[in-house]
Amino acid sequence: MNLTQGLYSSTIGKKILMAVTGIILFGFVVGHMLGNLQLYLGAEQLNAYADKLQSLGPLLWVIRAGLAFCVGVHVVAAVQLWLRNRASRPVRYRLFRPPEVDYAARTMMWSGPIILLFILYHLGHLTVGCLHHDFIRGDVYHNVVTTFRIWWVAGFYMLANLLLAVHLYHGLWSLFQTFGWDHPLFGRARRWIAIGFAVLIGAGNVSLPLAVLAGVVR
Amino acid sequence: MKLTLHVWRQKDARDPGGFKTYQLEDVTTHMSFLEMLDVLNQDLITAGEDPVAFDHDCREGVCGACGFVINGVAHGDQKGSTVCQLHMRHFADGDEVTIEPWRAKAFPVLRDLVVDRSAFDRILTAGGFISVRTGSAPEANSIPIPSEAAEHAMDFAECIGCGACVASCPNSAAMLFVGAKIAHLGLLPQGQPERERRALAMVEAMEREAFGSCTNYRACEAVCPKEISISGIARMNKDFRRALLSGSNRASGKRR
Amino acid sequence: MKLDARVPAGPLADKWMSLRDHLKLVSPANKRKRSIIVVGTGLAGGAAAASLGEMGYRVKAFCYQDSARRAHSIAAQGGINAAKNYQNDGDSVFRLFYDTIKGGDFRAREANVYRLAEVSNAIIDQCVAQGIPFAREYGGTLANRSFGGAQVSRTFYARGQTGQQLLLGAYSALNAQVAAGTVVVHPRTEMLDLVVVDGRARGIITRDMVSGAVECHVGDAVLLATGGYSNVYFLSTNAKGCNVTAVWRAHRRGAGFANPCFTQIHPTCIPQAGDYQSKLTLMSESLRNDGRVWVPIAEGDDRAPGDIPEAERDYYLERIYPAFGNLAPRDISSRAAKRMCDEGRGVGPGKRGVYLDFAEAIGRLGENVIRARYGNLFDMYERITGENPYRAPMRIYPAPHYTMGGLWVDYYLMSTIPGLFVLGEANFSDHGANRLGASALMQGLADGYFVAPYTLGEYLAGAKLEEVSPAHEACRATLHEVDQRTARLLGVRGSRTVDSFHRELGMLMLDRCGMSRTAEGLTEAIAAIGRLREAFWHEVKVPGAGAELNQELEKAGRVADHFELAELMCRDALARDESCGGHFREEHQTPDGEALRDDESFCNVTVWEHRGEGAEPAAHVESLEFETVQLAQRSYK
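Not measured: the values here are computed from a predicted model.

S.K.: Hey, could you run me through the overall build of chain B in this one?
M.R.: Summing up its helical and strand segments, chain B has eight helices and seven strands in all. The buried share of chain B, reckoned over its 256 residues, is 67%. In chain B, the share of contacts with a sequence separation of at least 24, taken over all contacts with a separation of at least 6, comes to 70%. Looking at chain B as shown, the accessible area adds up to about 8,200 Å², and 50% of this sits on carbon and sulfur atoms. Between the mean site of the 29 positive side-chain charges and the mean site of the 33 negative ones, chain B shows a separation of 11 Å.

S.K.: In this structure, what is going on with the interface of chain C and chain B? I would like to understand it.
M.R.: When the parts of a complex come together, some accessible area is lost, and that lost area is often taken as the interface size. Tallying the contact residues gives 76 residues for chain C and 78 residues for chain B. For chain C, the biggest contributors to the area lost against chain B are Arg159, Tyr276 and Arg383 of chain C; these three give 12% of the whole. Linking chain C to chain B there are nine salt bridges. Here arginine 159 of chain C and glutamate 158 of chain B are joined by a salt bridge, their closest N and O atoms 3.3 Å apart. Seen at the junction of chain C and chain B, the total is 49 residue pairs in polar contact (both at pLDDT 80 or more).

S.K.: I'm lost on the interface of chain B and chain A in this one. Help?
M.R.: Opposite the 53 residues of chain B that make contact, chain A presents 42 residues. Here chain B and chain A share an interface that buries about 4,000 Å² over both sides, 53% of which is from carbon and sulfur atoms. The three residues of chain B that bury the most area against chain A are Glu207, Asn216 and Tyr217 of chain B, which together make up 18% of that side's buried surface. Taken together, the connections running from chain B to chain A amount to two salt bridges. In this structure, the salt-bridge partner of glutamate 207 of chain B is arginine 84 of chain A, at a minimum N-O distance of 3.6 Å. At the boundary of chain B and chain A, one finds 28 residue pairs in polar contact (both at pLDDT 80 or more). Of all the secondary-structure elements, those providing two or more residues to the side of chain B that touches chain A are strand 5 (96–100), helix 4 (164–168), helix 6 (195–208), helix 7 (219–223) and helix 8 (231–245) of chain B. Top contributing element to the side of chain B that touches chain A by residue count: helix 8 of chain B, with ten residues. Of the residues in the side of chain B that touches chain A, the class split is 28 nonpolar, 15 polar and ten charged.

Rules and cut-offs
- Residues numbered from 1 in each chain as written.
- Chains lettered and ligands numbered in written order.
- Predicted model: local features only at pLDDT ≥ 70, side-chain atom pairs only at ≥ 80, totals over all residues.
- Heavy atoms only, no water.
- Helix = DSSP H or I, 4+ residues; strand = E, 2+ residues; numbered from the N terminus.
- Buried < 20%, exposed > 50% of the residue type's maximum accessible area, 1.4 Å probe, protein only.
- Contact = heavy atoms within 4.5 Å.
- Areas by Shrake-Rupley, 256 points an atom, 1.4 Å probe, with all protein chains shown as cover.
- Lys, Arg positive; Asp, Glu negative; His and termini not counted.
- Charge placed at Lys NZ, Arg CZ, Asp CG, Glu CD.
- Buried area = accessible area lost by both parts, 1.4 Å probe.
- Salt bridge = Lys/Arg side-chain N within 4 Å of Asp/Glu carboxyl O.
- Polar contact = N/O pair within 3.5 Å; in protein donor to acceptor, adjacent residues only side chain to side chain.
- Nonpolar A, V, L, I, M, F, W, Y, C, P; charged D, E, K, R; others polar.

Printed below as a string of structure tokens:
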């Protein structure tokens, strides 16, 4: 078994691919959130930051392509694993009550697709603008604030980001397990690290529509 | 006490099978679950029906032969125990009890509650051993092993290979079983020379069977009669990754 | 029947090594052409199959379990002995040998037992190298405990699952050979007969327990490692599937059966709870290190144990055997418990039980120390009985556990049928009339790793073996007999279940041929077994068909063989008109109730020859010569 085979043909290899792409996407989510939190610093700051990103030019497209590739690998691996897992029990149990140890694990296969749909919507909504009712290219602050005043848009964002937090919580924890990072010194801490990041990211992201809705950010 | 049993009946691997319901009177609390089935079977035979086939042997919780799903839980609700160690005092008069075989594509049903777990043997055959010729071993005390390391290895070595981990995994994954063996041997100095080769070969063999993947649901750990920790899975993942990234991947699963 | 033990000449300590120096070898090219059949994949069979495969033979291994890893060796709790003397307490090969011979009440062959002690150390080396996680000292060296009345600490252990770990080790060695292509394992396959061609064992008839297909497998030699026959008692500590069929079928084909009446009743098992009971669970003997055994002094005392004051308790082992107390050997402890219950002083439901009390030890050492030592066992006890042994004393009672008797083998482990080797509990060779704790694992692995693989070569190199195929007349005839027998079992179509017959046989055997025996009881038993067997063949109900997974059919075949064995056990017990070890004839006891040997007449092995259906078996005798040890009265007082 060579490396490519090992990664592609085994379920553990696929999990490694998901973990690696997951880390990259996690890094993006953290950066994305930190960038967006500049909403609290006012229109000028946020729009300047957006300008700076736009000024990266071709590099921006390289990053975007990289992220898209990661999403692709992450999703394809997830779907393949899901199909294999479904096929692994052709006759179902009449009564199946496996101990409820990790609820988040069960949410991954539907939180994932919802998050993917959300990303597509989000791209059309706040990046391209085609799904926005009053999109002004370059004025990120305006685009965000005007749309989050619509309760159902804000609600959808909040819901999607809560799901993202749960997804990240389980993903992070799983990643430790997939990489075999299970040292006695931090074995127990892994769960708290995952929870900590999930809560921070969830709180940060959810706070934005909430703040607009509540009128804290105008 | 009286019980209503819903038992999976399937004549052979080709038969689609189905549930049958039996009423059982006079179940006493001291009986083990398997003894309760013994009593049912005696009744069935006397009544001219085929008895319920189920695997069992030592009835002391160590051979790993017995196991089926009781009311949705592998080995029943008693933590850290096999079916044979489950006693009827955990049930109440009038209970309905659903009994199903381990269900997994990798564990085809042979009859009633009997399943074929030979996939486990094939995985262990691929690499679940330390190669040492009979009579060629060095003096036993020549490699000191810290007591903690031996105990840690023992935590994984206790696996009885019953298959409850597969049966209760939503993905029918065999990770806990394979992880336990890899961790057991990988934690001991004797297991080091073949550590990467073993991980590759065993994972490769596992993937050839129809088991699912690990989604860290951790139901396996919760139902394991020996309460084996999923840290064994982490160790397997680590050994497998290291083996993939090191040169030993060229050796594949074949020995010599 | 010729009984030549073929014990090598020379001083006891040199016999094995000098024999090994001169054993014939099989060349590598010829090994590849030799096929060996190994039946049973426990410690003895698994180790032998693995070692033979590694040596280059083509091996077929068979077991009735769904995996070779589940053989009943797995249930051994306590440990494995070896003469390492790691504790510097004066142990040596000679001492281990002497303790084993004495423990067996001087009814085993000196040379075999010495060899067992001699190879014991290599077993530990081998197991450690295989990755068996034996308990360790903090310094990293191997830990030992003292076990079963030994005065040295020579028992190696892996928690309370030593048998499991050793078996998984042998199974892993077996797997390595399966991977290498030298061994093919046939699980869920039961041996139903032995094929003898020109007086040599050349194959076996098996039944695939899933499809029901009956087949003949041929080979150049057959190794039986199929364990003991305690399940003749129905309730025993053996696994439910343990049976005598392979051994018994070989016996019927000409293999002498030695000392069938030598059985061991283990003193510390959880008593029977009801008539639905399917097996008895052993609680490790190590419990007796801290537990005190007692019964009420008064007959029929129904008070709860806590309500019986100290002065009204009889700590009978401490009273009768002050030197060994609660650690008296198995046969002695078992018999004492039975005596107490016979006197009407038994406790618990059914009154067949005695207390094993930890109150004193908990008071002295604290509950935590006791929990650390025996936590697993206490949990197991509570799971089974629903009683908490930290609060109330455990109830224990002896249960059939091990059978020292078995097929007769010579020094080479070959039976009276050339080419048929018998290993482990299935043979009679090493434990005499009583087995010491932690010696069964030692013997199984000794035979499997270090004895049979060598001695088999001598046979193969010296024998002229014609090619035999499954189409051979003898194979076809034997297979036909097996088919007929199956048809006969299925054809009775009576009204009684197999289990009901087995239970009745078991009760009878436990009562008449168990912990104590009398000429009268045995004579009656022989007649009663005959009647029960008659009834079995007329009234048994075996549902289903032969060509399917049919657990009742499996059981029926085994019980039928157990009937025949039971009768032979009683005959043997009757013929052995002395008491020794686990064989206690009430007519022969010292004034204070101990076994009284008769070395004049019975310093020997009785070997039974099957002489056909309905005919009485013939008894042959191998007399035991003791060159090194002095026969002594076994005293543990």
